[in-house]
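# Working through the structure, step by step
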Amino acid sequence: MKRLTCLFICFFLSEVSGFEIPINGLSEFVDYEDLVELAPGKFQLVAENQRYQRSLPGESGEIMEEADQVTLYSYKVQSTITSRMATTMIQSKVVNNSPQPQNVVFDVQIPKGAFISNFSMTVDGTTFRSSIKEKTVGRALYAQARAKGKTAGLVRSRALDMENFRTEVNVLPGAKVQFELHYEEVKWRKLGSYEHRIYLQPGRLAKHLEVDVWVIEPQGIRFLHVPDTFEGHFDGVPVVSKGQQKAHVSFKPTVAQQRICPSCRETAVDGELVVLYDVKREEKAGELEVFNGYFVHFFAPDNLDPIPKNILFVIDVSGSMWGVKMKQTVEAMKTILDDLRAEDHFSVIDFNQNVRTWRNDLISATKTQVADAKRYIEKIQPSGGTNINEALLRAIFILNEANNLGLLDPNSVSLIILVSDGDPTVGELKLSKIQKNVKENIQDNISLFSLGMGFDVDYDFLKRLSNENRGIAQRIYGNQDTSSQLKKFYNQVSTPLLQNVQFNYPHTSVTDVTQNNFHNYFGGSEIVVAGKFDPAKLDQIESIITATSANTQLVLETLAQMDDLQDFLSKDKHADPDFTRKLWAYLTINQLLAERSLAPTAAAKRRITRSILQMSLDHHIVTPLTSLVIENEAGDERMLADAPPQDPSCCSGALYYGSKVAPDSIPSWVHPSPTPVISMLAQGAQVLESTPPPHVMRVENDPHFIIYLPKSQKNICFNIDSEPGKILNLVSDPESGIVINGQLVGAKKPNNGKLSTYFGKLGFYFQSEDVKIEISTETITLSGGSSTFALSWSDTAQVMNQRVQISVKKEKVVTITLDKEMSFSVLLHRVWKKHPINVDFLGIYIPPTNKFSPHAHGLIGQFMQEPKIHIFNERPGKDPEKPEASMEVKGQKLIVTRGLQKDYRRDLVFGTDVTCWFVHNSGKGFIDGHYKDYFVPQLYSFLKRP
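In this text the structure is predicted, and so the values were computed from the model without any measurement. Residue indices begin from 1 for each chain and proceed along its sequence in written order. In keeping with the predicted nature of the model, local features appear solely for residues at pLDDT of at least 70, side-chain atom pairs appear and are counted solely at 80 or more, and the whole-chain, interface and lining totals rest on all residues. Water and hydrogen atoms were dropped before computing side-chain values, which therefore reflect all heavy atoms in the structure.

Attention now moves to the overall build of the protein. Secondary structure elements are taken from DSSP: a helix is a run of H or I of four residues or more, a strand is a run of E of two residues or more, and numbering for both begins at the N terminus. Helix and strand content of the protein: 12 helices and 51 strands. Relative to its full complement of 946 residues, the protein shows a buried share of 57%. Within the protein, residue pairs in contact and separated by at least 24 positions form 70% of the contacts whose partners lie at least 6 positions apart. Surface summary for the protein: the accessible area is close to 39700 Å², and the carbon and sulfur share equals 49%. Throughout, exposure labels follow a simple rule: accessible area from a 1.4 Å probe, protein chains only, divided by the maximum for the residue type, with under 20% read as buried, over 50% as exposed, and the rest as partly exposed. Contact criterion: two residues are considered in contact whenever any of their non-hydrogen atoms come within 4.5 Å of each other. Here, Shrake-Rupley sampling with a 1.4 Å probe gives the accessible areas, and only protein chains in the shown set may cover a residue.

Following this line, the structure appears as structure tokens:
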């Protein structure tokens, strides 16, 4: 009887996956004589990649296995980059030491766009290997495996940046399991360098942990850097050695070094290893490499003459930019403005919930105008919400108008540089609609670049926004020098753009030439061309390139000898001798996939489909047309992994199928035909579907308060244990005339001797508008003067009354907006009506804002004026998973516990975990006074402070 009792594989991929690649003895790493050891390398670890988990019998969730149950004996990663073609192998060996069968999960994250080339595993002597099949054939084999009672699974994902390969194996006591995954990716030059990321997440301490990265570049390595964003935990562990044309990064921490603390069982290896490098380049036609019947041409010249620029700087000045981020942004902008040339034109837009412009037109970058713009920027004071949609549309409008009026130099380039640290909180909130608005209004000669500030920025959104509009995005972390990064980003994106590039290879035996123009952007200006040739007829390849930059015609010639590269690669055991073929196949398949999505006729689409399928099978690549079939030698145990269909919104040039743009998502000045809004009108069709801001103050469940402190960037939480029927004041601001109160309801009966309470009703009172809003688990009622309007949770509508807008999304959320400056969200939690204990309840979410007066108070309102906190002396708690610390706040020293609470805005059923420091005893010491001081007699009563 086989010891394999259960086997489950899940594979997440996007458009293209998989080259087969030999590893060529990568396990035997040796030093080269010309390598010089540098200072111990620095590197970045930010969570994601591999984990090992098990499901306990009878439990639906998965928890991490104890160290003495499943042992991670070996965790090895070997990665080689040969002329920008990267191959990576991840191998792990696991032993089940438990007397019971255990489920072991191999869950690997790889960069989106990487290709899985091979997977194998050995389970107690039984080996499984992979092969590529046409998709219908693969699924037929998969169906046969299921028919025979074998366990296999197919799960699809459309993750933005990551692909997942997941295998789950149930093994008997004493069984050994080895997993080995190979994937490949092409490195593209962005912002002046190539970036290689390896995601490391073993999930537990490994007896043997080794990571080796080899970089082999025949053109020569100009620099190589392994940055550190892990606060020095592994200081001195990584070793970087660099020669003229090759480099080696080694990361081999001992078990003691892996521990997150000396007495901890958890591993600190939880994130990504990053290698940045660039190659040496000259003022010529780039690098032409010829090998094994294929050639690859990298064209990225430097030192080209500058092009006149038309630049609009769009700067987020919302409250979350307060402090160091804003100060460094201002300093960097002043330096950038000094770098503008007299022939450049520019303006500055700053935005929070409102949008302001320094000048409504593009202004010549004279010394006088630059000085005036710097004075304007220096006076910016961050406050309020974030209206990204209107700010970008204003920038596009200014550039479009200047272009339409013929005010722009025909040889100039136009670009928008967006600097923001958060999601939209005001105006249009749905990210897909903002993307669509920008795409529909921006002209083809404008590029949009984005800088995401901080760790919590929605970088995926900014990247999509830029990629769709001929630009790029970059994240700037808050713990780094923002000013220098901003200046570096500007210097890169303002480099010349290559135009009208033509490659000519004057040989009749050169065929199947594929050119990738997607990466011909500011800050990259790299074009890659690959093709085939007959080695029997040629011993060299010649190229003639013509291109335009800054209205200057370039004619460049290059001659590449086959023998030179072959001699270099033959001396390096780690070099991939097949990199030219793989690069050509990668470019060609991607080009065919793009052509297929835009095919004008069904016949043309079928022809392209046949070409993609044949190339996928020939080159062992998982595409939307193929599957990876994994089976044992006998063929009676099969699993399936295939790529999900292409995401139409993922790629530049692809069609996007989305919901209709809400009428209020495009400002009136873009399309000057405003639709009047009738007071107290319920609009049933288009509802504002908000993408929630990353940080809010919230109350959920029993009731759990989570207070986000923007300056400290900490979540502090506490519970209130009170009685059903009591009304708690959340916000009371007599000066601005705003009250928010919540009435408690109790569970149907006590659970474990405790009766849980929840918010069953919330009241909002806007005194200056004479508007009262009552939200219960059944109805939403708006009262204004003598008018009353009621809605049910089964409705989907908008109600407007003067400055107040209510948006109801059926059975999910109510959003209340005041003057487009302050917003509040109320979530509905439904439970099974026959549940013996639980009842329906409400959760409330309030983004931090400076629109309340300094006299605002209440359980939440008092924190609109953020208190200073100091958390220190973190130490193990009574629960090993919940460490303790000391917190100084409001002149008191408290003991707090770190744990998890739930944010239900994105996932109403399961919620998203939020880490916070918990204050015990109903928030005593953190809130002013005692929680009973916040009782009020009526749903719309202001708080009377003692």
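Take the pairing of strand E31 (residues 626-632) next. Each regular strand displays side chains that alternate between the two surfaces of the sheet. Most of E31 is tucked away, with 6 of its 7 residues classed as buried. Judged from the 7 bridges that link them, strand E7 (residues 126-134) and E31 form a sheet pairing that is antiparallel. Note that in E31 the partner of Lys133 across the bridge is Ser627. Note: two strands are recorded as paired if DSSP finds a minimum of 2 bridges between them.

Once that is clear, we can look at the packing of aromatic side chains. Here the aromatic set is Phe, Tyr and Trp, taking the six-membered ring for Trp, and pairing holds for ring centres within 6.5 Å; pairs whose planes are under 30 degrees apart are stacked, those over 60 apart are edge-to-face, and all others are tilted. Going through the model one piece at a time under the given rule, you end up with 15 aromatic pairs. With centroids separated by 6.2 Å and ring planes inclined at 40 degrees, the aromatic side chains of Trp188 and Tyr586 adopt a geometry described as tilted. Linking Trp188 in the loop between strand E9 (176-186) and strand E10 (189-190) with Tyr586 in helix H10 (residues 579-597), this pair joins segments that are 398 residues apart in sequence. Neither residue differs from the other here; Trp188 and Tyr586 are each classed as buried. Summarising the aromatic geometry, the rings of Phe705 and Phe718 are spaced 4.9 Å apart at their centres and angled 5 degrees between planes, so their arrangement reads as stacked. Note that Phe705 is positioned in strand E35 (residues 704-709) and Phe718 in strand E36 (residues 714-719), a separation of 13 residues in sequence. Exposure class is identical for Phe705 and Phe718. Each is buried. Both a distance and an angle decide whether a charge sits over a ring: NZ of Lys or CZ of Arg must be within 6 Å of the ring centre and within 35 degrees of the ring normal. Lying across the ring of Trp322, Lys711 places its NZ or CZ 4.3 Å from the centre. Just above the ring of Tyr765 sits the side chain of Lys772; from NZ or CZ to the centre is 5.3 Å.

On to the nonpolar core, then. Only buried Ala, Val, Leu, Ile, Met, Phe, Trp, Tyr and Cys residues count toward a nonpolar core, and they belong to the same one when joined by side-chain atoms within 4.5 Å. By size, the foremost hydrophobic cluster in this structure holds 59 residues, and its most contacted members are Phe764, Phe766, Ile773, Ile775, Ile816 and Phe926. Contacts of Ile816, omitting those with residues within four sequence positions, involve Phe764, Phe766, Ile773, Ile775, Val804, Gln805, Ile806, Met822, Ser823 and Phe824.

Now for the sheet that holds E10. Pairing is antiparallel across the open sheet formed by 4 strands, whose spatial order is E10-E11-E16-E13. One side of each edge strand has no neighbouring strand; the edge strands of this open sheet are E10 and strand E13 (221-225). One ladder, built from 4 bridges, connects E13 with strand E16 (residues 271-279); its direction is antiparallel. Within E16, the position partnered with Phe223 by the bridge is Asp278.

The subject of this paragraph is the environment of Phe165. One can find Phe165 in strand E8 (residues 162-171). Judged by relative accessible area, which is 1%, Phe165 ranks as buried. Expressed as a C-alpha distance, the spacing of Phe165 and Phe106, which sit 59 residues apart in the sequence, is 7.9 Å.

Here we come to the state of the cysteines. Throughout, disulfides are identified as pairs of cysteine sulfur atoms within 2.5 Å of each other. The final tally for this structure, using the stated rule, is 2 disulfides. Covalently, Cys261 is tied to Cys264 through a disulfide, its sulfur atoms 1.7 Å apart. Its S-S torsion of about 85 degrees marks the bond between Cys261 and Cys264 as right-handed, since a negative value means left-handed. A relative accessible area of 23% means that Cys261 is categorised as partly exposed. There is a disulfide in this structure between Cys717 and Cys916, and the S-S distance comes to 2.2 Å. Its S-S torsion of approximately 65 degrees makes the covalent link between Cys717 and Cys916 right-handed.

Think of two packed helices as two axes; the pair is described by the angle between the axes and how far apart they sit. Viewed as axis vectors pointing N to C, helix H3 (residues 324-339) and helix H4 (residues 367-378) meet at an angle of 175 degrees, and their least axial separation amounts to 10 Å. With respect to each other, H3 and H4 are oriented roughly antiparallel. Touching Val330, Met333, Lys334, Leu337 and Asp338 of H3 are Val370, Ala373, Lys374, Ile377 and Glu378, all from H4. A breakdown of the residues in the contact of H3 with H4 according to their chemical character gives 6 nonpolar, no polar and 4 charged. With axes taken as lines fitted to C-alpha atoms, and helix axes fitted only over the stretch in contact, angles between N-to-C directions fall between 0 and 180 degrees. Oblique is the label for any angle not covered by the other classes, which are roughly parallel (under 35 degrees), roughly antiparallel (over 145) and roughly perpendicular (65 to 115). Each residue gets one of three labels, nonpolar for Ala, Val, Leu, Ile, Met, Phe, Trp, Tyr, Cys and Pro, charged for Asp, Glu, Lys and Arg, and polar for the others, Gly among them.

Quick look at helix H6 (residues 431-441) now. Note on helix geometry: an α-helix contains 3.6 residues per turn, so any two residues three or four positions apart are oriented the same way. For H6, a buried count of 8 out of 11 residues is recorded, marking the element as mostly surrounded by other parts of the structure. All of the buried residues in H6 are Leu431, Ser432, Lys433, Ile434, Gln435, Asn437, Val438 and Asn441. Next to the buried residues of H6 lie helix H5 (388-404), strand E24 (446-453) and helix H7 (459-467).

Attention shifts here to the side chain of Asp733. Within the secondary structure, Asp733 sits in strand E37 (residues 727-733). The exposure class assigned to Asp733 is buried, which follows from its relative accessible area of 0%. Engagement of the side chain of Asp733 in a polar contact is seen with the side chain of Ser736, the distance being 2.5 Å. In this view, Asp733 contacts Ile738, Phe852, Ser853, His855, Ala856 and Phe942; residues no more than four positions away in its chain are not counted. By the criterion applied in these results, polar contacts are pairs of N or O atoms within 3.5 Å in which, for protein atoms, one can donate a hydrogen and the other can accept it, and in which residues neighboring in sequence qualify only through two side-chain atoms.

To continue, consider the pattern of salt bridges. The term salt bridge refers to a side-chain nitrogen of Lys or Arg lying within 4 Å of a carboxyl oxygen of Asp or Glu. All chains considered together, the criterion is met by 23 salt bridges. The closest approach of N and O atoms between Lys334 and Glu331, which form a salt bridge, is 3.7 Å. Here Lys334 and its partner Glu331 are both found in helix H3, 3 residues apart, which amounts to about one turn of the helix. The class of Lys334 is buried, set by a relative accessible area of 18%. Because the salt bridges share partners, they merge into one network encompassing Glu184, Asp576 and Lys582.

At a minimum axis distance of 10 Å, the contact between H5 and H6 shows a crossing angle of 5 degrees. By the criterion of interaxial angle, the relationship of H5 to H6 is roughly parallel. Taken together, the residues of H6 that come into contact with H5 (itself represented by Asn389, Leu392, Leu393, Ile396 and Asn400) are Ile434, Asn437, Val438 and Asn441. When its residues are assigned to classes, the contact of H5 with H6 shows 5 nonpolar, 4 polar and no charged.

Another point: unusual backbone geometry. The backbone of Gln713 sits at a positive phi, close to 55 degrees, despite the residue not being glycine. When you line up the elements, Gln713 lands in the loop between E35 and E36. Gln713 gets classed as exposed once you look at its relative accessible area, which sits at 53%. Look at Lys890: it is not a glycine, yet its phi comes out positive at around 50 degrees.

Moving on, we come to H3. Here a helix's expected span is defined as the number of its residues, less one, multiplied by 1.5 Å. Between its first and last C-alpha, H3 extends 23 Å over 16 residues, near the 22 Å set by a 1.5 Å rise per residue. When H3 is considered as a whole, its buried residues turn out to be Lys325, Met326, Thr329, Val330, Ala332, Met333, Lys334, Ile336 and Leu337.

The topology assignment puts Ile416 in strand E23 (residues 413-420). Take Ile416: its relative accessible area is 1%, and that puts it in the buried class. As for Ile416 and Ile446, which are separated by 30 residues in sequence, their C-alpha atoms are 7.4 Å apart. Contacts of Ile416, omitting those with residues within four sequence positions, involve Leu312, Val314, Leu392, Ala395, Ile396, Leu399, Ile446, Ser447, Leu448 and Phe449.

Another aspect to go through is the environment of Val296. Here Val296 shows up in strand E18 (residues 294-299). Relative accessible area serves as the criterion here: at 0%, Val296 is assigned to the buried category. Sequence separation between Val296 and Ala530 is 234 residues; the distance between their C-alpha atoms is 4.4 Å. Setting aside chain neighbours within four positions, we find Val296 in contact with Glu287, Leu288, Glu289, Val528, Val529, Ala530, Thr580 and Leu583.

Time to look at the confidence of the model for the protein. Scored between 0 and 100, pLDDT is the confidence that the predictor attaches to each residue. Mean pLDDT over the protein works out to 75, with 73% of the residues at or above the 70 mark. The least confident element of the protein is strand E33 (residues 682-683), whose mean pLDDT is 33; the most confident is strand E12 (residues 206-216), at 94. Counted against residues more than four places away or in other chains, residues 147-161, with its pLDDT under 50, gives 45 contacts. For residues 644-694, every residue scores under 50 in pLDDT, and the model assigns this stretch 118 contacts once sequence neighbours within four places are set aside.

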